[in-house]
Amino acid sequence: MDYVALPKIELHAHLTGSISRRTLHDIWLRKVEACQTDLQDPLEVMPEGKHDYNIQTFFPLFSKYIYNLLVDEASIREATTAVLQGFHDDGVVYLELRTTPRATAHLSAEAYVRTVLAAVADFGGAHPRMRTRLILSVDRRHDAATAEAVVALATALRPPVVGRARAAGLGITVHFAEARASGSRAELDVLLGWRPRRLGHVIWEDDEARREIAARGLCLELCLSCNVRAGMVEGGFAGHHLGYWRTVKGPKISLATDDVGVFGSPLSNEYELAALHFNLDRQDICSLAREAIDSIFGSEEDKEWLRSIMWTS
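Residues numbered from 1 in each chain as written. Predicted model: local features only at pLDDT ≥ 70, side-chain atom pairs only at ≥ 80, totals over all residues. Heavy atoms only, no water.

- The protein chain goes by Adenosine deaminase in an unreviewed UniProt entry, where it is assigned to Cordyceps javanica.
- Note on the protein chain: under the UniProt heading Cofactor (unreviewed entry), the record states "Zn(2+)".
- Under the UniProt heading Catalytic activity (unreviewed entry), the note attached to the protein chain is "N(6)-methyl-AMP + H2O + H(+) = IMP + methylamine". (UniProt positions renumbered as here; feature names shortened; annotations may be inferred.)

Okay, here's the thing in structure tokens:
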């Protein structure tokens with residue numbers, strides 16, 4: 001089966017984590033030549049072929065390096081365009097790209113988001129085969145004021161937006177049970193109070209949480225390679241919880257990459273891995289690829305378009 005040609009939906013992709021090392025290197029090189037950075041070469045910080053980042057080594061890639069390299073409009077636009085091109089070339093037809101609004105020395109948080117949106121709009125105009133929507137993220141470490149600022153920004157940039165976001169009709173997706181300490185039913189109840197349509201990762205949920213997720217019929221954004229290569233699951237690919245959730249009635253599944261620039265597995269490879277480790281045939285793969293259509297945050301017209309172009313067999 002040609003997994004690249006397979007039309008695919010990507011609902012869990014972080015912008016900065018999806019930037020390839022080569023793109024980062026090209027941006028870094030131009031900044032070095034212009035005497036605009038003294039950062040180390042990203043190919044030394046993130047060597048080609050290294051994908052075994054765990055929770056302890058993963059986050060410093062961003063806080064100590066990538067965020068310090070992408071600080072101006074030109075670099076953010078270049079990186080965003082390269083990410084979109086990568087998903088497009090891999091056969092993604094509908095993409096929801098997420099990013100946390102962040103101010104830099106050169107841009108306000110709003111200017112950062114507007115730059116990303118402009119790159120998305122320009123790319124979409126030239127590549128109508130892939131539709132892209134942007135999700136603005138709130139980090140759990142943020143205080144209430146910062147979270148409110150993100151909501152206000154989303155409201156301003158997409159009029160009519162957790163609380164006001166749902167009331168304004170925007171979709172909400174939350175990370176749940178990404179770590180063992182955050183997989184309890186009590187935590188799930190808090191998150192479900194925000195009425196999310198989707199949950200990301202759902203690795204360490206307890207039995208009570210699993211039953212509630214199934215009863216709600218939520219869409220689960222599952223990231224095989226990220227979870228396995230970062231040591232977030234036990235038992236390798238064959239032990240990934242995708243196998244469990246495929247046996248449960250109610251929830252929908254959406255395979256995703258999370259951070260393809262870090263873990264090196266494009267969405268086409270995630271489908272191939274699913275077929276290999278969970279004995280899925282072509283019909284199974286086509287059905288799995290279509291499963292998330294009704295869970296996208298796009299319009300009804302987007303959903304109808306996806307139903308018309310995605311393979312059924």
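**Quick word on the sheet that holds strand β5 (residues 198-201)**
- Taken in spatial order, the four strands make up an open sheet running β4-β5-β6-β7, and their pairing is parallel. Every interior strand has two partners, whereas the edge strands, β4 (173-176) and β7 (252-255), have only one. On average, each strand axis in the sheet is inclined to that of its neighbour by 30 degrees, with strand direction left out of account.
- The pairing of β4 with β5 spans four bridges and is classified as parallel. Directly across from F176, in β5, lies its bridge partner H201.
- The sheet contacts of helix α9 (residues 185-192) involve β4 and β5, and relative to β4 the element is tilted by about 170 degrees. (Pairing = 2+ DSSP bridges. Helix = DSSP H or I, 4+ residues; strand = E, 2+ residues; numbered from the N terminus. Axes fitted to C-alpha atoms, helices over the stretch in contact; angles between N-to-C directions. Contact = heavy atoms within 4.5 Å.)

**Brief notes about the sheet that holds strand β2 (residues 92-99)**
- Pairing is parallel across the open sheet formed by three strands, whose spatial order is β1-β2-β3. Each end of this open sheet is capped by a strand with a single partner; those strands are β1 (8-14) and β3 (131-136). On average, each strand axis in the sheet is inclined to that of its neighbour by 15 degrees, with strand direction left out of account.
- In this sheet, β2 lies alongside β1 in parallel orientation, the contact comprising five bridges.

**Focus: the side chain of D259**
- Structurally, the position occupied by D259 is in the loop between β7 and α13 (260-263).
- An unpaired buried charge is present at D259: no salt bridge exists, and R98, the closest side chain of opposite charge, is 8.9 Å distant.
- Aside from chain neighbours lying at most four places away, what touches D259 is H14, G17, F58, F62 and G264. (Buried < 20%, exposed > 50% of the residue type's maximum accessible area, 1.4 Å probe, protein only. Lys, Arg positive; Asp, Glu negative; His and termini not counted. Salt bridge = Lys/Arg side-chain N within 4 Å of Asp/Glu carboxyl O.)

**So, helix α14 (residues 267-278)**
- The end-to-end C-alpha distance of α14, which contains twelve residues, comes to 16 Å, matching closely the 16 Å that a straight helix rising 1.5 Å per residue would cover.
- In this structure, the buried residues of α14 make contact with β1, β2, α11 (224-229), α12 (242-245), β7 and α15 (282-290).
- Positioned one or two residues after α14, N279 has a phi angle of 55 degrees, which is positive. (Expected span 1.5 Å × (residues − 1).)

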